[in-house]
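# Coordinate analysis (summary)
If you want the building blocks of each chain, they are given just below.
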Amino acid sequence: MPVAKNALLPIVAASLMLDGETVIDNCPALSDVFASTEIINSIGSTAVLEDRKLSVFYSDSNCDEISEDICLKMRSAILYIAPLLYRKQKINMYMPGGCKIGSRPIDIHIDGLKKMGAKIEINENKISAELPNGFKGCRYKLRLPSVGATQTLIMAASIADGITVLQNCAREPEITDLARFLNSAGAKIIGAGKSEIIIQGVPTLKSVEYTPIPDRIFAATILSAVNACKGKVLIKNYPMEYMSLFENMLKNTGLKIFHFNNKAMVIKYHEKKADIQTHTGYYPCFSTDMGPLLSSAMVNNKGYLRLYESVFENRFSYFSQFQKMGLYCKVNNKEYFQVLQKSSHNEELYAEDLRAGAALVVAALAKKNRFIIHGVQYIDRGYENIEDVFTRLGADIRRISGEE
Ligand code: UD1
C-alpha cells in the first residue's frame with residue numbers, strides 16, 4: 001500500500017515549518033505531490049522528489065505570493081497558509097481549486113487563524129494574510145470537524161505562543177498522522193484523533209525523516225476491485241485498523257478477508273446478493289471518499305446500494321456514467337440508489353473527480369467490456385499510474401493519448 005495522499009499533503013506543507021531538510025519516505029509521484037513541490041519551489045524554498053524520497057527545505061526569500069494558477073491545482077493549497085504565515089509573516093494566495101465535489105469553503109481555516117492572531121482579507125479569489133506578532137494560543141471550537149481546517153490550526157498552534165485548545169476537531173487518521181509527524185519534530189500535541197486537541201506551542205521545530213501512514217482509500221479501491229471482479233489479492237502494508245466498516249459491508253456480498261501481521265488476503269469467488277444501506281460522515285463514520293468505491297464494488301451485485309452522503313454536495317458525479325454501464329442509478333439530493341439492471345455495452349466514460357474516476361476504472365474492469373475513460377488527470381491526483389496497479393492484478397488496461 002502506498003502512503004496516504006491525504007496524510008502526505010499536509011505533512012509536506014508542515015515541513016516548511018521545520019528547520020533544515022525534512023525527508024518524506026515512500027512518497028508516490030502523484031500530481032497533487034507535484035502541485036505541492038510547485039508551491040514550495042515557487043516561494044523560493046526547495047522540494048525535490050527523487051527515488052521516492054521527497055525532501056523539503058525552507059529558505060528565506062522575498063517571495064510572498066503563491067500564484068492563482070498553482071492554487072487552483074489542488075484543495076490542499078490552503079494548507080500552506082499557516083506554515084507560510086509563520087515563516088514570512090505575510091502571504092498572498094488564492095482560493096484553492098481541487099475536485100468539484102462540493103462548494104468547499106475555507107471559512108473555518110480563516111476564522112481559526114484570525115483567532116490566533118492572523119489578519120486575513122479575502123477579495124474575490126485573492127487571500128491576503130498577515131501575522132504581525134506571531135500565532136497566539138487560544139481556545140477555538142471548529143464550526144464543523146473539517147479535516148483541512150483541523151490540520152491548518154494544528155500547524156499554527158504547534159509554533160504559537162502559549163497553549164491552544166481546539167474543539168470539535170476532525171478525527172481522521174490523517175489528522176493523527178500529522179500530529180505524529182509534528183511531534184517527532186518537537187511539537188507538543190496531545191489528543192489528535194479525538195475531538196479536543198491540546199497543543200503547547202514551541203518556538204522551533206527540527207527536521208525529521210518520516211513515513212506517512214498507508215492509504216486507506218487506496219486499500220478500499222483494491223477491495224472494491226476484488227469484490228467486483230472476483231479473484232484473490234494479497235495486500236501488504238494494509239491499514240487494517242481503518243477498514244472495518246468498508247470490509248463489513250463487502251463481506252455481505254461474499255468477500256472474504258484474512259488479516260495477518262500488516263497484510264490482508266482478499267478473496268472473492270462467488271457473488272452473494274446483498275442490499276447495502278449506509279451513510280457517509282466524519283470519521284469514524286464511513287468515509288465520503290470511499291462512497292464511490294463502494295458503488296463500484298457493487299456493480300455486479302443483484303442487491304441494491306443506498307448511499308446517503310452527508311459531507312459534500314456533489315459526490316455522485318459518476319451516476320450518469322454508471323447508468324451507461326447498465327446500472328439503474330438515481331440521485332435524490334444527497335441520496336444515491338443503485339441496482340444492477342441490464343448488461344453493459346461498450347462506452348466512453350467521463351471521470352469528473354478523483355474518487356469517481358477510480359470508481360469508473362473498477363466498474364469498467366468488472367463489466368469486462370472495453371471502455372474508454374476520460375479525465376485520467378483526476379485519477380492521477382491520488383493514484384500513481386493506476387493502470388500499472390491493475391495490470392499487475394491481471395487487468396488489460398492502458399493509458400492512451402488523445403489521438404489513439
Ligand atoms: C479532506 C480530504 C478529502 C475528503 C475530506 C472529507 C485531503 C487532502 N482531502 O478534504 O479527500 O473527502 O477531507 O473526509 O485530506 N468546510 C467548510 N468550511 C471550511 C472547511 C470545510 O464549510 O473551512 C466543509 C466542506 O465544504 C465539507 C466539510 O466541511 O462539507 C468537510 O470538509 P473537509 O473535512 O475540510 O475536507 P477537506 O479537508 O477539503
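Look up a bit, the structure's there.
The model shown is predicted, which means the values in this text are computed figures rather than measured ones. (Residues numbered from 1 in each chain as written. Predicted model: local features only at pLDDT ≥ 70, side-chain atom pairs only at ≥ 80, totals over all residues. Heavy atoms only, no water.)

Our next topic: the overall build of the protein chain. Assigned secondary structure in the protein chain consists of 14 helices and 22 strands. With the C-alpha coordinates of the protein chain rotated into their principal frame, the extents come out at 65 × 45 × 40 Å. Within the protein chain, the fraction of its 404 residues that count as buried is 56%. Summarising the internal contacts of the protein chain: among those between residues at least 6 apart in sequence, 70% fall at separations of at least 24. (Helix = DSSP H or I, 4+ residues; strand = E, 2+ residues; numbered from the N terminus. Buried < 20%, exposed > 50% of the residue type's maximum accessible area, 1.4 Å probe, protein only. Contact = heavy atoms within 4.5 Å.)

Below, the discussion takes up the environment of Met 1. Its location among the elements puts Met 1 in the segment before helix H1 (5-15). A relative accessible area of 18% means that Met 1 is categorised as buried. Residues Met 1 and Ile 235, 234 residues apart in the sequence, show an inter-C-alpha distance of 7.0 Å. Met 1 has contacts with Pro 214, Asp 215, Phe 218, Ala 219, Ile 222, Ile 235, Lys 236, Asn 237 and Pro 239, leaving out every residue within four places of it along the chain.

Right, let's get into the site of the ligand. Taken together, the neighbourhood of the ligand is formed by 21 residues, with Asp 107, Ser 146, Val 147, Asp 289 and Val 311 sitting nearest. Note that an oxygen atom of the ligand is positioned 2.7 Å from one of the backbone N or O atoms of Val 147. The set of elements that each furnish at least two residues to the shell around the ligand consists of helix H5 (107-115) and helix H6 (147-158). (Near = heavy atom within 4 Å. Polar contact = N/O pair within 3.5 Å; in protein donor to acceptor, adjacent residues only side chain to side chain.)

Helix length check: helix H7 (residues 173-184) (twelve residues) gives 16 Å between terminal C-alpha atoms against 16 Å at 1.5 Å per residue, within 8%. Where H7 is concerned, the buried positions are Pro 173, Glu 174, Ile 175, Asp 177, Leu 178, Ala 179, Phe 181 and Leu 182. Positioned one or two residues after H7, Gly 186 has a phi angle of 110 degrees, which is positive. (Expected span 1.5 Å × (residues − 1).)

At their nearest, the axes of H1 and H7 sit 9 Å apart, and the two run at 30 degrees to each other. Read as a crossing pair, H1 and H7 show a hand that is right-handed. Of H7, the residues touching H1 (which contributes Asn 6, Ala 7, Pro 10, Ile 11, Ala 14 and Ser 15) are Glu 174, Asp 177, Leu 178, Phe 181 and Leu 182. Of the residues belonging to the contact of H1 with H7, the class tally is seven nonpolar, two polar and two charged. (Axes fitted to C-alpha atoms, helices over the stretch in contact; angles between N-to-C directions. Left-handed = near helix turned anticlockwise from the far one by under 90°. Nonpolar A, V, L, I, M, F, W, Y, C, P; charged D, E, K, R; others polar.)

A word on the pattern of salt bridges. Pairs may arise between side chains of opposite charge once their charged atoms sit close together. All chains considered together, the criterion is met by 18 salt bridges. Linking Glu 65 and Lys 126 is a salt bridge whose minimum nitrogen-to-oxygen distance equals 3.8 Å. In this pair, Glu 65 is assigned in the loop between strand E4 (53-57) and helix H3 (68-71) and Lys 126 in strand E7 (residues 126-130), connecting sequence segments 61 residues apart. With relative accessibility at 29%, the residue Glu 65 sits in the partly exposed group. Classification of Lys 126 by relative accessible area gives partly exposed; the value is 28%. The salt bridge involving Asp 177 is made with Arg 180; its shortest N-O contact spans 2.9 Å. A residue pair is termed a helical-turn pair when its members lie 3 or 4 positions apart in one helix, as Asp 177 and Arg 180 do in helix H7 at three residues. Residue Asp 177 is classed as buried on the basis of its relative accessible area of 0%. The exposure class of Arg 180 is partly exposed, given its relative accessible area of 41%. (Salt bridge = Lys/Arg side-chain N within 4 Å of Asp/Glu carboxyl O.)

This next bit is on the sheet that holds strand E9 (residues 163-167). Strand order across the open sheet formed by four strands is E8-E9-E11-E10, with mixed pairing between neighbours. Among the strands making up the open sheet, the edge pair consists of strand E8 (139-141) and strand E10 (188-190). Taking the axes of each pair of neighbouring strands and ignoring which way they run, one obtains an average angle of 15 degrees across the sheet. Pairing of E10 with strand E11 (residues 197-200), which is carried by three bridges, proceeds in the antiparallel orientation. Note on E11: the bridge partner recorded for Lys 188 is Gln 200. (Pairing = 2+ DSSP bridges.)

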